[in-house]
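What follows is the residue order along each chain.
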Amino acid sequence: MHTYQLPLDLVRQRSPERPVALVRPRSVAVAAQWFQDNLKADVFYAVKANPSRWIIEVLVENGVNAFDVASLAEIELVRSVSPNARLAFMHPVKSRGAIKAAYADHGVRTFVLDSHDELDKILESTGHADDLNLIVRMGVSADGAAYSLSGKFGVSPDQAPALLQATRHAVKDGQMGVSFHVGSQCMRPSAYEAAMTQVGRAIKKAGVFVDIVDVGGGFPSVYPGMVPPDLSEYADAIHRGFNEMPVSETTELWCEPGRALVAEASSVLCRVDLRKGDALYLNDGSYGSLFDATHSRWPFPTKLVRDGESSSELKPYRFYGPTCDSIDHMPGPFWLPADVQEGDFIEIGMMGAYGVAMSTGFNGYGEHEIAAVEDAPMGSMYGLAPRSIPTVRTTAEENARKVVRLSRPKGKAGQRKRKR
Ligand SMILES: *Cc1c(COP(=O)(O)O)cnc(C)c1O
């Protein structure tokens, strides 16, 4: 992988034809270190957030050699980079073939389940192995998360005790655990504590001994208009929640961060192929790495990457991707100088998680180049950049006006809005 000091150096040296994933390996290293230093938990990287080989390599080099995988393809990918990695198959619904291959061919011993049928399936597909670690995925409330991950998976609190008992009974020499996911981009540390209280109640009701408490993913990153609390508040909430749970001193704490390990580690460099008013037609889009910008309308931060600074005011744009589908539209608003034109390059930041990972080959687009850069990400949870990116990026002058406006006491309108 070639390294450029700045994205602009790449544009200067060779205007890339295809979109480029601009990667910042140091961000991954710093994030991996943060989790190991600050959370008293085994860290399993959720591969689905970004299955790029370089990420797995950097994680392993920096002490994270455990992975939350959800498919045979992810298992094979991780094994090909790190033959001795710890793998946990954390998808609550797996095919018999996948369970069998994971166990027999790839040495996977840890499997998650959220139903009695899945428990039976795992036992049958592994020949009732006595070295299985079985983890019960519990449904918990997803208040405070941008993406709920509890709609599809997780045993409900009333059905949990029976499943916990059955799973405890099925575990022989291995470990029995519980897991949950508070939802992705969780903005409230207290959500973890609340989930642990709920899970603790089910454990008590079931009267089982639990070897592993896995708090899942959900740790946030920085996006325009979303300023998460400091990650240390998440660690504190999880440690408090763990202390209150009816578990023993030998019970292990695990976590499965995806987004927080990789979000700031990649941005995407795109080219403007046409401008129509406030619409920019780019060479990357919804079927490429901008899925969330389309379907969740996330206004990712943007920068013009042009030789010689633009002196124009910033104005809001929307984007279209390269395919012929009208869904291939990103409403933004994305803030860029007023004089953006065809042939300009734009860096879209904070795309490391659920960015490149979402890319399809629809309509013949979707292929990316990859290059490393050495500048800071646009926002950071780890002190590499500010922990806030303004929603509306304005010129310095407009910004100054805005501060004055925001600092005025809120009137009735503001109060009404808060109550809604
Ligand atoms: C997606 C997922 C994760 C990672 O979630 P983030 O919000 O990216 O941290 C972790 N565990 C499971 C089971 C998941 O499905």
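Each chain has its residues counted from 1, running along the sequence as written. Only residues with pLDDT of at least 70 are given local features in this predicted model, and only at 80 or more are side-chain atom pairs given and counted; all residues enter the totals for whole chains, interfaces and linings. Side-chain descriptors were evaluated using all non-hydrogen atoms of the structure, hydrogens and water having been removed beforehand.

1. With respect to the sheet that holds strand β5 (residues 66–69)
Stated formally: Paired strands are those between which DSSP finds at least two bridges. Only runs of H or I of at least four residues qualify as helices and only runs of E of at least two qualify as strands under DSSP, and these elements are numbered from the N terminus.
If you walk across this open sheet you meet the 9 strands as β3-β13-β12-β10-β8-β7-β6-β5-β4, and the pairing is parallel. Among the strands making up the open sheet, the edge pair consists of β3 (42–43) and β4 (45–46). In the sheet, strand β12 (residues 212–214) pairs with strand β13 (residues 252–255) via 3 bridges, with the strands oriented parallel. Residue valine 213 lies in a different strand from β13, and its bridge partner there is leucine 253.

2. Some thoughts on the pattern of salt bridges
Test applied: Salt bridges are defined as contacts in which a side-chain nitrogen from Lys or Arg sits within 4 Å of a carboxyl oxygen from Asp or Glu. For the exposure calls, accessible area comes from a 1.4 Å probe over protein chains only, and a residue counts as buried if that area is under 20% of its type's maximum, exposed if over 50%, partly exposed in between.
A complete count under the given rule lists 19 salt bridges for this structure. Between arginine 318 and aspartate 278 there is a salt bridge; the shortest N-O distance is 3.1 Å. Residue arginine 318 is located in strand β17 (residues 314–320), and its partner aspartate 278 is located in the loop between β14 (266–276) and β15 (279–282); the two are separated by 40 residues in the primary sequence. Here aspartate 278 falls in the partly exposed class, since its relative accessible area comes to 31%. Measuring nitrogen to oxygen at the nearest pair gives 3.1 Å for the salt bridge that ties arginine 306 to aspartate 339. One end of the pair, arginine 306, is in the loop between β16 (302–305) and β17; the other, aspartate 339, is in the loop between β18 (329–337) and β19 (345–348), with 33 residues separating them in the sequence. Among the residues examined, arginine 306 registers a relative accessible area of 18% and is labelled buried.

3. Quick notes on the site of the ligand
Put simply, the rule reads: A cutoff of 4 Å decides nearness: a residue is near a molecule or strand if any of its heavy atoms lies inside that distance of it. Under the rule applied, a polar contact is a pair of N or O atoms within 3.5 Å (in protein, one hydrogen donor and one hydrogen acceptor; residues adjacent in sequence only if both atoms are side-chain atoms). Methods summary: accessible areas were calculated by the Shrake-Rupley approach with a probe of 1.4 Å, and residue burial reflects only the protein chains presented. Any residue that is not Ala, Val, Leu, Ile, Met, Phe, Trp, Tyr, Cys, Pro, Asp, Glu, Lys or Arg is counted as polar, Gly included; the first ten are nonpolar and the last four charged.
Around the ligand sit 13 residues in total, of which Lys48, Ser184, Glu256, Arg259 and Tyr354 are the nearest. One nitrogen or oxygen atom from the side chain of lysine 48 is found 2.7 Å from an oxygen atom belonging to the ligand. Side-chain polar atom of aspartate 68 to a nitrogen atom of the ligand: 3.0 Å apart, as the coordinates give it. When the ligand sits alone it has 390 Å² of accessible area, and the protein chains cover 91% of it. Grouping the amino acids of the shell around the ligand by side-chain chemistry returns 3 nonpolar, 5 polar and 5 charged.

4. Digging into the packing of aromatic side chains
For the record, the criterion: Under the pairing criterion, centres of Phe, Tyr and Trp rings, with the six-membered ring standing for Trp, must be within 6.5 Å; the plane angle then separates stacked pairs below 30 degrees from edge-to-face pairs above 60, leaving the rest tilted.
Evaluated as defined, the whole model comprises 15 aromatic pairs. Arranged with centres 6.0 Å apart and planes meeting at 35°, the rings of phenylalanine 89 and phenylalanine 111 form a pair that is tilted. Note that phenylalanine 89 is positioned in strand β6 (residues 86–89) and phenylalanine 111 in strand β7 (residues 110–113), a separation of 22 residues in sequence. Aromatic ring contacts, followed pair by pair, group Trp34, Phe35, Tyr192, Phe219, Tyr234 and Tyr382 into a single cluster.

5. Here's the deal with helix α4 (residues 72–81)
Worth spelling out the cut-off: The contact definition used throughout considers only heavy atoms, calling two residues in contact when any of these lie within 4.5 Å.
Buried residues of α4: Glu74, Ile75, Leu77, Val78 and Arg79, and no others. Where α4 is buried, its residues contact α3 (53–61), β5, β6 and α5 (96–106).

6. Considerations on the UniProt feature "active site" (unreviewed entry) in the chain
Where we set the bar: UniProt positions are given in the numbering used here, feature names are shortened, and annotations may be inferred rather than shown by experiment.
Mapped onto this numbering, the UniProt entry gives "active site" (unreviewed entry) at Cys324. Mapped onto the secondary structure, cysteine 324 falls in the loop between β17 and β18.

7. Overview of unusual backbone geometry
The amide bond that connects glycine 332 to the next residue, proline 333, takes the cis arrangement and shows omega of 5°. Tracing the chain through its elements places proline 333 in strand β18. Positive phi, close to 55°, is recorded for arginine 297, a residue that is not glycine. Note on placement: arginine 297 falls in the loop between α11 (291–295) and β16.

8. Let's talk about the UniProt feature "modified residue: N6-(pyridoxal phosphate)lysine" (unreviewed entry) in the chain
With numbering matched to this structure, UniProt assigns "modified residue: N6-(pyridoxal phosphate)lysine" (unreviewed entry) to Lys48. Among the secondary structure elements, lysine 48 is positioned in the loop between β4 and α3. We classify lysine 48 as partly exposed; its relative accessible area is 42%.

9. Notes on helix α8 (residues 190–206)
Worth spelling out the cut-off: A helix is expected to reach a length of 1.5 Å times the quantity of its residues less one.
Taking 1.5 Å per residue, 17 residues should reach 24 Å; α8 reaches 25 Å between its end C-alpha atoms and fits that length. By the burial criterion, the buried members of α8 are Ala191, Tyr192, Ala195, Met196, Val199, Gly200, Ala202, Ile203 and Ala206. In this fold, the buried residues of α8 make contact with α7 (160–170), β10 (176–179), β11 (184–186), β12, α9 (231–244) and β13. Phi turns positive, to about 65°, at glycine 207, one or two residues after α8.

10. Considering the pairing of β10
Going residue by residue along β10, you find Met176 and Val178 tucked away on one face and Gly177 and Ser179 tucked away on the opposite face as well. Pairing of strand β8 (residues 133–137) with β10, which is carried by 4 bridges, proceeds in the parallel orientation. Note on β10: the bridge partner recorded for isoleucine 135 is glycine 177.

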